[in-house]
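Inside the fold
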Amino acid sequence: EAQVTQNPRYLITVTGKKLTVTCSQNMNHEYMSWYRQDPGLGLRQIYYSMNVEVTDKGDVPEGYKVSRKEKRNFPLILESPSPNQTSLYFCASGHPPDSYNEQFFGPGTRLTVL
Amino acid sequence: SQKIEQNSEALNIQEGKTATLTCNYTNYSPAYLQWYRQDPGRGPVFLLLIRENEKEKRKERLKVTFDTTLKQSLFHITASQPADSATYLCALDDSGTYKYIFGTGTRLKVLA
């Protein structure tokens, strides 16, 4: 089944404790992206990657790191999480510039930073 | 400043009626605009894309229009059903950079 998977799905952590949220896709997509979704602010892009070893900042990159060492994986790293990073995180992949440039989203990771 | 806006309030309509959702943007020049559906607690799902040189696009009961002069896209669901109840998001690509900007979404509720 074609899909984007994220792990963990739920995470409660404390301020300053480094964490990684994994994202993997099995559709051979070149494009991958991370978003956070907050009430009233909508979906905001954190980082995106056009291909292996190529990453770019989205609208809200501060406090996050990413890496793209393999085509299928795009982990999101929070080196020193803070409470304002409590959010719902989505990973997405796609294959621009195809016909629709659609993004396929993962199921989400709900992160709480205490 | 750049922004993309959708009706912030929820939209309630009767089953069988046409729902119309609005997406307005300022200070962007998108080559295309996308619409997604999002159910509570789940990731968005792609519905339609309309390009800047297209006035209208249809897919089954869905219709999207795009007016680059007004900087507006309208999303219509005809013969709406309770199963259409969800939040609908519009998104655009910032000047072909693949840096995507999403609206905050409009929550649609179709009443039986």
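It should be emphasised that the depicted structure is a prediction, and the values quoted were computed from it without experimental measurement. (Residues numbered from 1 in each chain as written. Chains lettered and ligands numbered in written order. Predicted model: local features only at pLDDT ≥ 70, side-chain atom pairs only at ≥ 80, totals over all residues. Heavy atoms only, no water.)

Bringing the layout of surface pockets into the picture now. To find the voids left in a structure, one rolls a probe of water-molecule size over its atoms. In this structure, the largest pocket encloses a volume near 560 Å³. A:Gln37, B:Gln38, B:Thr87, B:Thr104 and B:Arg107 are the residues nearest the centre of the largest pocket, which is lined by 25 residues in total. Those elements giving two or more residues to the lining of the largest pocket turn out to be β4 (31-38) and β9 (87-94) of chain A together with β9 (86-93) and β11 (106-111) of chain B. Here the lining of the largest pocket is composed, by residue class, of six nonpolar, 13 polar and six charged. In this structure, the second largest pocket spans a volume of roughly 410 Å³. A:Phe105, A:Gly106, B:Arg42, B:Gly43 and B:Val45 are the residues nearest the centre of the second largest pocket, which is lined by 20 residues in total. Counting only elements with at least two residues in the lining of the second largest pocket, the list comes to β1 (4-7) and β10 (103-105) of chain A together with β5 (45-51) of chain B. Tallying contributions element by element places β10(A) first for the lining of the second largest pocket, with three residues. Residue classes in the lining of the second largest pocket are distributed as nine nonpolar, six polar and five charged. (1 Å grid on protein atoms, 1.4 Å probe; cavity = no way out; pocket = protein on both sides within 12 Å on 5 of 7 lines; lining within 4 Å. Points joined across faces, edges and corners; volume = space filled by probe spheres on them. Helix = DSSP H or I, 4+ residues; strand = E, 2+ residues; numbered from the N terminus. Nonpolar A, V, L, I, M, F, W, Y, C, P; charged D, E, K, R; others polar.)

This paragraph deals with the sheet that holds strand β7 (residues 62-67) of chain B. Residues and elements named next belong to chain B. Spatially, five strands are ordered β1-β3-β8-β7-β6 in an open sheet, and the strand pairing comes out antiparallel. This sheet does not close on itself; its edge strands, each paired only once, are β1 (3-6) and β6 (56-59). Ignoring strand direction, the axes of neighbouring strands in this sheet form an average angle of 15°. Bridging between β6 and β7 involves four bridges; their strand directions are antiparallel. For arginine 58, the partnering residue across the bridge sits in β7 and is lysine 63. (Pairing = 2+ DSSP bridges. Axes fitted to C-alpha atoms, helices over the stretch in contact; angles between N-to-C directions.)

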